[in-house]
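One-letter residues, chain by chain:
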Amino acid sequence: MSRSRLVHARFAEWVKHTPDTVAVEEHGRTLTYTELDSVSDAVAHELLKRGLEPEEPVAVQIPRGAAAVVAFLATLKAGGCYVPVDPAYPAPRQRSMIEDSGCTVVLENSDIDLEMITAVPVPPAPIDQARLAYTVYTSGSTGTPKGVMVEHRNICALLDEPILGIRSGERVAQTVSMSFDVATFEIWGALCNGATLVIMPSGRDITTLADATATANLDWMFLTTGVFHLMVEHRPDALTQVRRLLAGGDVLGPEQFDRATELVQEVLINAYGPSETTTFSGLYATDKPVNHPSVPIGTAPRGETLIIDTQGGEPIGEILIGGAGVSRGYRNQPRLTAERFVPDPTSTLPGGRAYRSGDLGSQSGNLWYIHGRIDRQVKVRGHRIELPEIESTLASHPEVTAAAVRVCDDAAGDKRLAGYVSLTPNSAISGTSLLDWLSNRLPDFMIPSGLKILNTLPLDPNGKVDRSSLPPLWSSRDELPGLGQYTAPRTQTETWLAELWGSVLDIDRVGMDDNFFLLGGDSLHSMAVMAALAEAGSPVTAEEFFTNQTVRKLASLMTWE
């Protein structure tokens, strides 16, 4: 099999080699490589009829699934650059991504007919390996998301990594949002290697995801850190059915990592890397416990380099990432691109560049470790978040005079966002109302678990917000806004459920009419509750949980007393 540097050309090779192999499987429905090729050809023809130019961006505003995969592949075949736009994002954010990327063509669900077959192949376009393949948007420190431009050769370099050696006929899980860069590994890792891409349930409902994992016969699967921790704690049986498991997006707990090495069938991989260097830039693969206070990020994949930019001989410094995975830069942001994409001091090629990751790291032998950040970027629930983006959005509210956001740990050691604001005189807006307002402007993973209103935000001697002096978001239920009068649980079921919520949310007491999300709950915490309910023999679905957000209502669904 040749090693083309074009993504769709690699897919085409497998169409010839394994035409009848299942390429995509979703809810029992399948598309073979031949069928996926034909359907994507039909969509590519439509794009070319619209006059799509080389590298022209195409917004793919389609939910996660086979239709989105078709749209991505068709865009590449037509010579364009796809821009994943998650339809679950707030409408203003979707518009911002489409406008910033310059998309004049938008593909929606109605544009994709999985039964549409064409006998006319798309003529090969004169595309070089440095042509853009996709632009993915990440949180931006200026208050707007920034687009990372990734080329065909960047993706192909990722696919050439031996640790990620997916083989023909294997089954690769697709679990993350199409707007999350790990989808690059899932989709193209499968389709450019003759494997089957299995569209799995969302991690929003860990019980459903675990049940599907236990029966899907998966060779490869990626889980974000929070979901990985929950699976290890609550559904280890599911992980025993996975051959090779990758986890990442945030620092992995060494205890959970070591336990998982005993669960997976072959290899557990800590996967590290920013979108700017094409998904993974550090991989630590093992079948044995690390027995170390932190999990290493391993070594750089083939074609990558990791460099520590140290000051004064210190053993810890900023990690610079060079090599074939380094993307083109940020769309419409030449100054930021110049700041973060710098000459690679180790490159032997003219014009070699390295990306300043902002991560602090150290090296011990051939293993690397992460020690935090040099800036205010954080990772929560697998997503990179620029705290200034949340702060600037909050501060844009007409009744907010100042805003600050920080990260704190909950009782389980998982990260949550805490927000603080001061208001204009005579303002009567509540923290709950502000969070509702914010949720219409930012994705759910960027919404603080709670918001505290202060008379003034603490300042340091330079007049800047002193985040180290911000008070705890809350220490008891009575400090939380919008809950109303406390009503004690009445039944054994309600009492058990209230105690479970209090443990998960680190709250001293929970009333039977308290709203889970007003208590500071989020999707990750809800997964922990649903997993505990399933273990107790009374599972509920994600839809049932999100429509029954109080102890009283949720207890009414439980099947034991």
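All residue numbers refer to positions counted from 1 along the written sequence of the respective chain. Per-residue local features are limited, in this predicted model, to residues with pLDDT of at least 70; the limit for side-chain atom pairs, both in listing and counting, is 80 or more; totals at the level of whole chains, interfaces and linings are taken over all residues. For side-chain calculations, the full set of non-hydrogen atoms in the structure is used, while hydrogens and water are omitted.

A. Representation of unusual backbone geometry. One non-glycine residue, His-27, lies in positive phi territory at about 50°. Think of it this way: any DSSP run of H or I at least four residues long counts as a helix, any run of E at least two long counts as a strand, and we number them from the N terminus. By the secondary structure assignment, His-27 is in the loop between β1 (22-26) and β2 (29-32). Phi at Thr-278 is positive, roughly 65°, even though this residue is not glycine. Within the element layout of this structure, Thr-278 appears in the loop between β12 (267-272) and β13 (282-286).

B. Looking closely at the sheet that holds strand β22 (residues 400-409). Overall, mixed pairing links the three strands, which are arranged β22-β23-β24 in an open sheet. Only two strands of the sheet have a single neighbouring strand rather than two, namely β22 and β24 (450-453). Strand after strand, the sheet turns through a mean of 25° between neighbouring axes, direction not considered. Strand pairing follows a simple DSSP-based rule, namely that at least 2 bridges must link the two strands. Here strand β23 (residues 415-423) runs beside β24; their pairing, made up of four bridges, is parallel. Residue Ala-418 lies in a different strand from β24, and its bridge partner there is Gly-450. By definition, residues are in contact when any of their heavy atoms lie within 4.5 Å. Lines fitted to C-alpha atoms define the axes here, with helix axes fitted over just the stretch in contact, and angles between the N-to-C directions of these axes take values from 0 to 180 degrees. Taken strand by strand, helix α12 (residues 387-395) contacts β22, β23 and β24, and its axis lies near 150° from that of β22.

C. Quick peek at the packing of helix α1 (residues 7-17) against helix α2 (residues 33-49). The contact between α1 and α2 brings their axes to 9 Å, and the two run at 135°. Between α1 and α2, the interaxial angle falls into the category oblique. For α1 against α2, the interelement crossing comes out left-handed. Contacts from Phe-11, Trp-14 and Val-15 in α1 reach Tyr-33, Thr-34, Leu-36 and Asp-37 in α2. For this classification, Asp, Glu, Lys and Arg are treated as charged, while Ala, Val, Leu, Ile, Met, Phe, Trp, Tyr, Cys and Pro are nonpolar and the rest, including Gly, are polar. Broken down by class, the residue content of the contact of α1 with α2 amounts to five nonpolar, one polar and one charged. In these notes the angle categories are as follows: under 35 degrees is roughly parallel, over 145 is roughly antiparallel, 65 to 115 is roughly perpendicular, and the rest is oblique. Helix crossings fall into two classes, left-handed where the near helix is turned counterclockwise from the far one by less than a right angle and right-handed where it is turned clockwise.

D. Summary view of the pairing of strand β18 (residues 353-364). Where strand β15 (residues 317-323) lies against β18, five bridges are found, and the strand directions are antiparallel. Bridging across to β18, Glu-318 finds its partner in Leu-360. Across three bridges, the pairing between strand β17 (residues 341-343) and β18 is antiparallel. Note on β18: the bridge partner recorded for Phe-341 is Tyr-355. Sheet topology note: the β18/strand β19 (residues 367-373) ladder contains five bridges and is antiparallel.

E. Just the state of the cysteines, in detail. Whenever a pair of cysteine sulfur atoms sits within 2.5 Å, that pair is classed as a disulfide. Scanning the entire structure with this criterion turns up zero disulfides. Cysteine Cys-103 is unpaired, with the sulfur of Cys-81 as its nearest cysteine sulfur at 7.5 Å. For each residue, the accessible area found with a 1.4 Å probe, counting protein chains only, is set against the maximum for its type, and the residue is called buried under 20%, exposed over 50%, and partly exposed in between. Cys-103 sits in the buried class, given a relative accessible area of 11%.

F. Broad picture of helix α4 (residues 91-101). What α4 keeps buried is the set Arg-93, Gln-94, Met-97, Ile-98 and Ser-101. For α4, the arc enclosing every buried residue in end-on projection is 135°, short of the 170-degree limit, so these residues lie on one face. In the core, the buried residues of α4 are packed alongside β3 (57-60), β4 (81-84), β5 (105-107), β6 (132-138) and α12. When we speak of the arc, we mean the arc of directions from the helix axis to the C-beta atoms.

Such coordinate-based values are descriptive only and should not be taken to indicate function.
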